[in-house]
Amino acid sequence: MELQALPSRIGQVRRIVSAQLRYWHMDPLIDRASLGVTELLSNVHRHAQPDKTCTVEIELVLDRLKVSVHDHDPRLPVVADAGPLATCGRGLAMVAAMSESWGALPDGQSGKVVWFTLPAPSAAPLTVWDRRPRLTAVEPAERLFAEPALVDHTAEEHRGAPVPVRSAVPG
């Protein structure tokens, strides 16, 4: 999403990131992702020139969540060594501390991208009531295709008749 890095917009982006992570069932990442995107957008608001226009991207790649902020300022950020009484200058240090990895790269002729990654939470172990789609062969043998059926993987020995697969996505 493209936006002006203004304080009111930063809060909106934080809520959008939280909602997307809830939709992806990645609730454990919400606090860290929200903190990270807030810090990166605050840096754009505070330091970026010639304008405060930026683009935020959030993507799930394999087992990593990557949050990127692109702006039009070619100057790469520097982690400040903020003193104990400093009221600012700790944002990138916080991003580095709470993320798995982070970095900044030039982006084209005039701009940069600052990003961080978080490990995606692993899938919870299956419980008795969990069911996953599984392709099973269906009689008679003349059929050329497998029919999807839900199978209880925790109690394989208690197989009943296959249950049709239904989408949880409306529409």
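Okay, so let's go over this structure. Computed from a prediction, not measured in an experiment: that's the story for all the values here. (Residues numbered from 1 in each chain as written. Predicted model: local features only at pLDDT ≥ 70, side-chain atom pairs only at ≥ 80, totals over all residues. Heavy atoms only, no water.)

1. Some details on helix H2 (residues 30-47)
The test is simple: Counting from the N terminus, the helices are DSSP H or I runs at least four residues long and the strands are E runs at least two residues long. A helix is expected to reach a length of 1.5 Å times the quantity of its residues less one. Buried means the residue's accessible area, taken with a 1.4 Å probe over protein chains only, is under 20% of the maximum for its type, while exposed means over 50%, and partly exposed covers the values in between. What makes two residues a contact is simply this: any of their non-hydrogen atoms within 4.5 Å.
Between its first and last C-alpha atoms H2 spans 25 Å; for 18 residues at 1.5 Å apiece the expected length is 26 Å, and the two agree. Of the positions making up H2, those classed as buried are Ile30, Ala33, Ser34, Gly36, Val37, Thr38, Glu39, Leu40, Leu41 and Val44. Against the buried residues of H2 lie helix H1 (7-23), strand S2 (53-61), strand S3 (64-71), helix H3 (91-98) and strand S5 (112-119).

2. Here's the deal with the environment of Cys54
The topology assignment puts Cys54 in strand S2. Taking relative accessible area as the criterion, Cys54 reaches 1% and is therefore assigned buried.

3. Focus: the packing of H1 against H2
For clarity, the cut-off: Between N-to-C directions, angles span 0 to 180 degrees; the directions come from axes that are lines fitted to C-alpha atoms, helices contributing only their stretch in contact. Orientation is classified from the angle alone, with under 35 degrees giving roughly parallel, over 145 giving roughly antiparallel, 65 to 115 giving roughly perpendicular, and any other angle giving oblique. By convention, the crossing between two helices is left-handed when the near helix turns anticlockwise from the far helix through less than a right angle, and right-handed when the turn is clockwise. Classification used: nonpolar for Ala, Val, Leu, Ile, Met, Phe, Trp, Tyr, Cys and Pro, charged for Asp, Glu, Lys and Arg, polar for all others including Gly.
Look at H1 against H2: their axes get within 9 Å of each other, and the N-to-C directions meet at 155 degrees. Taken together, H1 and H2 sit at an angle that is classed as roughly antiparallel. The chirality of how H1 crosses H2 is right-handed. Between H1 and H2, the contacting residues are Pro7, Ile10, Val13, Arg14, Val17, Ser18, Leu21 and Arg22 on the first element and Ile30, Ala33, Ser34, Val37, Thr38, Leu41, Ser42 and His45 on the second. In the contact of H1 with H2, the residues fall into 9 nonpolar, 5 polar and 2 charged.

4. With respect to the side chain of Ser99
Quick reminder of the rule: Here a polar contact means two N or O atoms within 3.5 Å. Within protein one must be a hydrogen donor candidate and the other an acceptor candidate, and residues neighboring in sequence count only if both atoms are side-chain atoms.
Of note, Ser99 is situated in the loop between H3 and strand S4 (101-106). One polar contact links the side chain of Ser99 to the main-chain carbonyl oxygen of Val95, over a distance of 2.7 Å. One polar contact links the side chain of Ser99 to the main-chain carbonyl oxygen of Ser101, over a distance of 3.3 Å. Discounting residues that sit within four places of it in the chain, Ser99 has contacts with Phe116, Thr117 and Leu118.

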